[in-house]
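Listed here are the chains, written in short residue letters.
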Amino acid sequence: MKLTDYLKLNPFVIAPMAGITDHSFRTFIRRLDSSVVVSELISANGLEYHNERTFEMMGFDEEQRPVGLQLFGDDPEILARAAQVVEAKGVDFVDLNFGCPVPKVTKKGAGSAMLKDLVMLQKVLSAVVKAVKIPVTIKVRTGWDHNSLNAHEVGHIAYNEGITWMAIHGRTRSQNYEGKANWDYIGEVKAKVKIPVLGNGDVLTAQEAVEWLKKYNLDGILIGRGALRNPYIFKESLALLQGRTETIQKDFYQLLVLLSELYALRCSDRLREIQLRKFAAWFSTGYPDSAQFRKKLFQSQNCDTILAESKLYFSKLFSTNNPNEESASLKSHEEEHFLMGGHG
Ligand SMILES: Cc1cc2nc3c(=O)[nH]c(=O)nc-3n(C[C@H](O)[C@H](O)[C@H](O)COP(=O)(O)O)c2cc1C
């Protein structure tokens, strides 16, 4: 099956997130029906210089397929060699990051800085596509700043270089994570280019995912922070798109148990504890008494107490609230600042 065929079956995809879309989380979110998964950004230079930690980030298992690894870098040859290393690992595709706004990355010309130099961007795409047989995808922002929106030009170049799809985070680099994603511009780009386009930015509910997919005639929707609050969003979006009305039973406590098991396979107890605490807090965002619950989480000393507190909180919550009315609750917290930083 071609990579784009997966989007035809299910257009809803987890967005890459550094520190989050690691090996364990990718397995977790594939089980929750993200159509494909992709790693957090990996340094091409780190692979070139055999950095051990960079190599560790490339692990995956069969259950994650179709799975891609995301690379960032500034040098076409180094990126091409890194893509070959990625291909040799046996993944299904390689994704290139042209969205990262972090100064440490952009000041060397990598990430979103590549949007200021489309000649270099074209060289990178050409070198990487020639170097590997697996599909190459890209993730960009709308442009460097408000005066230089150029994702449509990137789309033309990418199509001509044989890139499989382009995901667009609907903010400029200058916006960082401020303001709202510019979905109208994503729609304009889609109407102008031949390359498949995935839209991204601020999707919090299945209703939004399906509405924007249809309204802007997109090939897919990338969901990041919305999936950290509600990992069921992929199942819900797909059901809504397909007109299925069955209720998706939500059980955030069971999701935490699953995450705990997956992290136990690859992480230290300390890291598992940190991750569980974060996820429990994110799942509670927008629900009644979440501030009190989070306080308890941060007082918890180990994974067992985090799970016990979570069991108490979520079972009480869902015995008195209908979890399927959550969309309204999340909408009302739209303005709440939630992870306003990242690498794309
Ligand atoms: C904590 C965090 C880490 C991120 N790391 C990456 C990354 O490694 N690569 C990337 O392309 N985008 C990264 N992003 C950007 C997301 O993929 C996405 O474009 C952005 O969060 C907007 O989508 P959302 O509103 O659905 O979260 C990151 C975002 C966050 C919040």
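Quick notes on the rules
- All residue numbers refer to positions counted from 1 along the written sequence of the respective chain.
- Predicted model: local features are reported for residues with pLDDT of at least 70 only, side-chain atom pairs are reported and counted for 80 or more only, and whole-chain, interface and lining totals are derived from all residues.
- To obtain the side-chain values, all non-hydrogen atoms of the structure were used and water was disregarded.
- Secondary structure elements follow DSSP: runs of H or I no shorter than four residues count as helices, runs of E no shorter than two count as strands, and numbering proceeds from the N terminus.
- Only C-alpha atoms enter the radius of gyration; for comparison, a globular chain is expected to reach 2.2 Å times N to the power 0.38, where N is the number of residues.
- Here's how the labels work: a residue is buried when its accessible area is under 20% of the maximum for its type, exposed when over 50%, partly exposed in between, all with a 1.4 Å probe on protein chains only.
- Only heavy atoms matter for contacts: two residues are in contact if any of them lie within 4.5 Å across the pair.
- Note that accessible areas follow from Shrake-Rupley with a 1.4 Å probe, and for residues the cover is restricted to the protein chains shown.
- Note on pairing: DSSP must find at least two bridges between two strands before they are called paired.
- To get an axis, a line is fitted to the C-alpha atoms, and for a helix only the part in contact is used. The angle between two axes follows their N-to-C directions and goes from 0 to 180 degrees.
- A 1.4 Å probe that fits into a set of points on a 1 Å grid over the protein atoms alone but cannot get out defines a cavity; an open set with protein on both sides within 12 Å along at least five of seven lines defines a pocket, and lining residues are those with an atom within 4 Å of a point.
- Grid points are joined across faces, edges and corners, and a volume is the space filled by probe spheres set on the points.
- Classification convention: Asp, Glu, Lys, Arg as charged; Ala, Val, Leu, Ile, Met, Phe, Trp, Tyr, Cys, Pro as nonpolar; all other residues, Gly among them, as polar.
- Counted as salt bridges are all cases of a side-chain nitrogen of Lys or Arg within 4 Å of a carboxyl oxygen of Asp or Glu.

*Asks:* What's the story with the overall build of the protein in this structure? I'm lost.
*Replies:* When you go through the protein residue by residue, the secondary structure sums to 17 helices and 8 strands. Since a compact globule built from 344 residues should have a radius of gyration of about 20 Å, the 20 Å found for the protein is in line with a globular shape. By its C-alpha atoms, the protein is 55 × 45 × 40 Å across when sized along the principal axes. In the protein, which comprises 344 residues, the proportion classed as buried is 58%. Here the contacts in the protein between residues at least 6 apart in sequence split such that 70% fall between residues at least 24 apart. A total accessible area of about 14,900 Å² is found for the protein, and carbon and sulfur atoms account for 51% of it.

*Asks:* What is the right way to read the sheet that holds strand S8 (residues 220-223) from this model?
*Replies:* In any sheet, the strands associate via hydrogen bonds between backbone groups, in a parallel or an antiparallel arrangement. If you walk across this open sheet you meet the 8 strands as S1-S8-S7-S6-S5-S4-S3-S2, and the pairing is parallel. Every other strand in the sheet has two partners, leaving strand S1 (12-14) and strand S2 (37-43) as the edge strands with one partner each. With strand direction ignored, the average angle separating the axes of adjacent strands in the sheet is 25 degrees. Bridge count for strand S7 (residues 197-200) against S8 is 3 bridges, and the pairing is parallel. Across the sheet, residue Leu198 finds its bridge partner in S8, namely Gly220. Running over the sheet, helix H8 (residues 151-160) touches strand S5 (136-141) and strand S6 (166-169) and is turned about 170 degrees from S5.

*Asks:* Got a minute to help me understand unusual backbone geometry in this structure?
*Replies:* Glycine aside, the phi torsion of most residues is negative, and most peptide linkages are trans. Backbone torsion omega between Arg65 and Pro66 reads -5 degrees, so that peptide bond is classified as cis. Summarising the element assignment, Pro66 is placed in the loop between helix H4 (52-56) and strand S3 (67-72). Of note, Asp202 is a non-glycine position whose phi angle comes to about 70 degrees, a positive value. In this structure, Asp202 sits in the loop between S7 and helix H10 (206-215). Residue Asp202 is classed as partly exposed on the basis of its relative accessible area of 24%.

*Asks:* Teacher, can you tell me more about empty space enclosed by the protein here?
*Replies:* Gaps left between atoms show up when a probe the size of a water molecule is rolled over them. Enumeration according to the criterion identifies 1 cavity of 30 Å³ or more in this entry. Val38, Phe93, Asp95, Trp165 and Leu222 are the residues nearest the centre of the largest cavity, which is lined by 15 residues in total. Mapped by element, the contributors of at least two residues to the lining of the largest cavity are S1, S2, strand S4 (93-98) and S5. Top contributing element to the lining of the largest cavity by residue count: S5, with 3 residues. When grouped by side-chain class, the residues that make up the lining of the largest cavity number 12 nonpolar, 1 polar and 2 charged.

*Asks:* For this particular structure, what's the right way to read the environment of Phe25?
*Replies:* Positionally, Phe25 belongs in helix H2 (residues 23-31). On the accessibility criterion, Phe25 (0% relative accessible area) is buried. Along the primary structure Phe25 and Leu238 are separated by 213 residues, whereas in three dimensions their C-alpha atoms are 20 Å apart. When neighbours within four sequence positions are excluded, Phe25 is seen to be in contact with Ile14, Ile20, Leu228, Leu259, Tyr263 and Phe279.

*Asks:* Which parts of the structure should I look at to understand H8?
*Replies:* Residues spaced three or four apart along an α-helix face the same direction, because each turn holds 3.6 residues. Along H8, the residues classified as buried are Ala151, His152, Val154, Gly155, Ile157 and Ala158. Looking at the buried side of H8, the elements it contacts are helix H7 (118-131), S5, S6 and helix H9 (183-192).

*Asks:* Before we go on, may I ask you to explain the layout of surface pockets in this structure?
*Replies:* Computed from the structure, the largest pocket encloses a volume of approximately 770 Å³. Arg171, Tyr177, Asp202, Arg225 and Phe338 are the residues nearest the centre of the largest pocket, which is lined by 42 residues in total. Per-element tally for the lining of the largest pocket: the top contributor is helix H11 (residues 225-229), with 3 residues. Considering only residue class, the lining of the largest pocket consists of 17 nonpolar, 13 polar and 12 charged. A volume near 400 Å³ is recorded for the second largest pocket. Every residue lining the second largest pocket is counted, 16 residues in all, and those nearest its centre are Asp22, His23, Glu40, Arg53 and Leu271. Counting residues per element, the ones that place at least two in the lining of the second largest pocket are H2, H4, helix H13 (252-266) and helix H14 (269-283). With 3 residues, H2 is the single largest residue contributor to the lining of the second largest pocket.

*Asks:* Is there a simple way to explain the pattern of salt bridges in this structure?
*Replies:* Close approach of charged atoms lets side chains of opposite charge pair. As enumerated under the stated definition, the model contains 15 salt bridges in all. Asp5 is the salt-bridge partner of Lys8, the closest N and O atoms lying 3.6 Å from each other. Within this pair, Lys8 and its partner Asp5 are both found in helix H1 (residues 3-9), separated by 3 residues, close to a single helical turn. The residue Arg65 makes a salt bridge to Glu62 at a minimum N-O spacing of 2.8 Å. For Arg65, a relative accessible area of 26% puts it in the partly exposed group. Three or more residues joined by partner-sharing salt bridges are found here, namely Glu62, Arg65 and Asp92.

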